[in-house]
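Okay, here's what each chain looks like letter by letter:
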Amino acid sequence: EAALEDAADHGHGWVILLSCDFVTLRPGWIRQLSAAAGADDQAVIFRGEQPQPLCGLYHVSALPAVRQAISRGERAMLHLLERLPTRYLPLPPDWPHLAHVNTHAELQEALKTPLNSPPPPP
């Protein structure tokens, strides 16, 4: 909410949202999200087996829906996406096996993976 509010106050249209446990980010992904954003979209995110709302673009016009969700006590980004006009893009081929880490062991595993290697096959 604060990021969207600040962006709107400064005349910006879009905010990129990344979670603090997101360990890999490639500039091409941001370019891909930006290029796909349409005039009617309020969110643009990647989606594999699950949507990836914490690596996405959000338009300042989504601010009322964000405020409503917060006022209802809803914190799940997936619920917000159900209420927003959202454009889903397939995961990039170089999306990492561990995009988010929550433990020291996951961080160590993520750090072993070269940045240009694709994720392992399922």
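For the structure, check the block above.
Note that this is a predicted model, so its numbers are computed, not measured.

1. Concerning the overall build of the protein
Here is step 1 of the chain: A tally of regular secondary structure across the protein gives 5 helices and 4 strands.
Here is step 2 of the chain: Out of the 122 residues in the protein, the part that is buried amounts to 36%.
Here is step 3 of the chain: In the protein, the proportion of contacts linking residues at least 24 apart, taken out of those at least 6 apart, comes to 68%.
Here is step 4 of the chain: Element-wise, carbon and sulfur atoms account for 56% of the exposed surface of the protein, whose accessible area totals about 7500 Å².

2. Overview of the pattern of salt bridges
Here is step 1 of the chain: For the structure shown, the criterion picks out 6 salt bridges.
Here is step 2 of the chain: Here arginine 67 and glutamate 1 are joined by a salt bridge, their closest N and O atoms 3.3 Å apart. With arginine 67 in helix 3 (residues 63-71) and glutamate 1 in the segment before helix 1 (2-9), this pair connects stretches of sequence that are 66 residues apart.
Here is step 3 of the chain: The salt bridge partner of aspartate 94 is arginine 26, with a shortest N-O separation of 3.6 Å. In this pair, aspartate 94 sits in the loop between strand 4 (86-90) and helix 5 (104-112) while arginine 26 sits in the loop between strand 1 (14-18) and helix 2 (27-36), placing the two residues 68 residues apart along the sequence.
Here is step 4 of the chain: On the accessibility criterion, aspartate 94 (26% relative accessible area) is partly exposed.
Here is step 5 of the chain: The class for arginine 26 is buried, based on a relative accessible area of 13%.
Here is step 6 of the chain: Several salt bridges share partner residues, and in doing so they unite Glu1, Glu5 and Arg67 into one network.

3. Quick word on the environment of histidine 79
Here is step 1 of the chain: For histidine 79, the position within the fold is in helix 4 (residues 77-83).
Here is step 2 of the chain: Judged by its relative accessible area of 40%, histidine 79 falls in the partly exposed class.

4. A few points about the packing of aromatic side chains
Here is step 1 of the chain: Applying the stated criterion across every chain yields a total of 4 aromatic pairs.
Here is step 2 of the chain: Taken together, the ring pairs in this structure connect Phe22, Trp29, Phe46 and Trp95 into an aromatic cluster.
Here is step 3 of the chain: Over the aromatic face of tyrosine 88 sits the side chain of arginine 47, whose NZ or CZ is 4.6 Å from the ring centroid.

5. Overview of the nonpolar core
Here is step 1 of the chain: By size, the foremost hydrophobic cluster in this structure holds 14 residues, and its most contacted members are Leu4, Ala43, Tyr58, Leu80, Leu81 and Leu84.
Here is step 2 of the chain: For this core, the elements supplying multiple residues, two or more each, are helix 1, strand 2 (43-47), helix 3 and helix 4.
Here is step 3 of the chain: Leaving out residues up to four positions away in the same chain, leucine 84 has contacts with Gln42, Ala43, Tyr58, Ala62 and Ala65.

6. Quick word on a nonpolar patch on the surface
Here is step 1 of the chain: On the surface, Ile16, Leu18 and Leu25 cluster together into a nonpolar patch covering about 210 Å² of accessible area.
Here is step 2 of the chain: Looking at the secondary structure, you find leucine 18 in strand 1.

7. Focus: the sheet that holds strand 2
Here is step 1 of the chain: Strand order in the open sheet made by the 4 strands is 1-3-2-4, with mixed pairing throughout. The strands lining the two open edges of the sheet, one partner per strand, are strand 1 and strand 4. On average, adjacent strands in this sheet sit at an angle of 25 degrees to one another, irrespective of strand direction.
Here is step 2 of the chain: Looking at chain direction, strand 1 and strand 3 (residues 51-59) are connected through 5 bridges and run antiparallel. Bridge pairing in strand 3 links valine 15 to tyrosine 58.

The rules we used
- Residues numbered from 1 in each chain as written.
- Predicted model: local features only at pLDDT ≥ 70, side-chain atom pairs only at ≥ 80, totals over all residues.
- Heavy atoms only, no water.
- Helix = DSSP H or I, 4+ residues; strand = E, 2+ residues; numbered from the N terminus.
- Buried < 20%, exposed > 50% of the residue type's maximum accessible area, 1.4 Å probe, protein only.
- Contact = heavy atoms within 4.5 Å.
- Areas by Shrake-Rupley, 256 points an atom, 1.4 Å probe, with all protein chains shown as cover.
- Salt bridge = Lys/Arg side-chain N within 4 Å of Asp/Glu carboxyl O.
- Phe/Tyr/Trp six-rings, centres within 6.5 Å; stacked < 30°, edge-to-face > 60°.
- Lys NZ or Arg CZ within 6 Å of the ring centre and 35° of its normal.
- Core = buried A, V, L, I, M, F, W, Y, C linked by side-chain atoms within 4.5 Å.
- Patch = residues over 30% accessible without salt bridge, like charges linked within 9 Å, V, L, I, M, F, W, Y side chains within 5 Å.
- Pairing = 2+ DSSP bridges.
- Axes fitted to C-alpha atoms, helices over the stretch in contact; angles between N-to-C directions.

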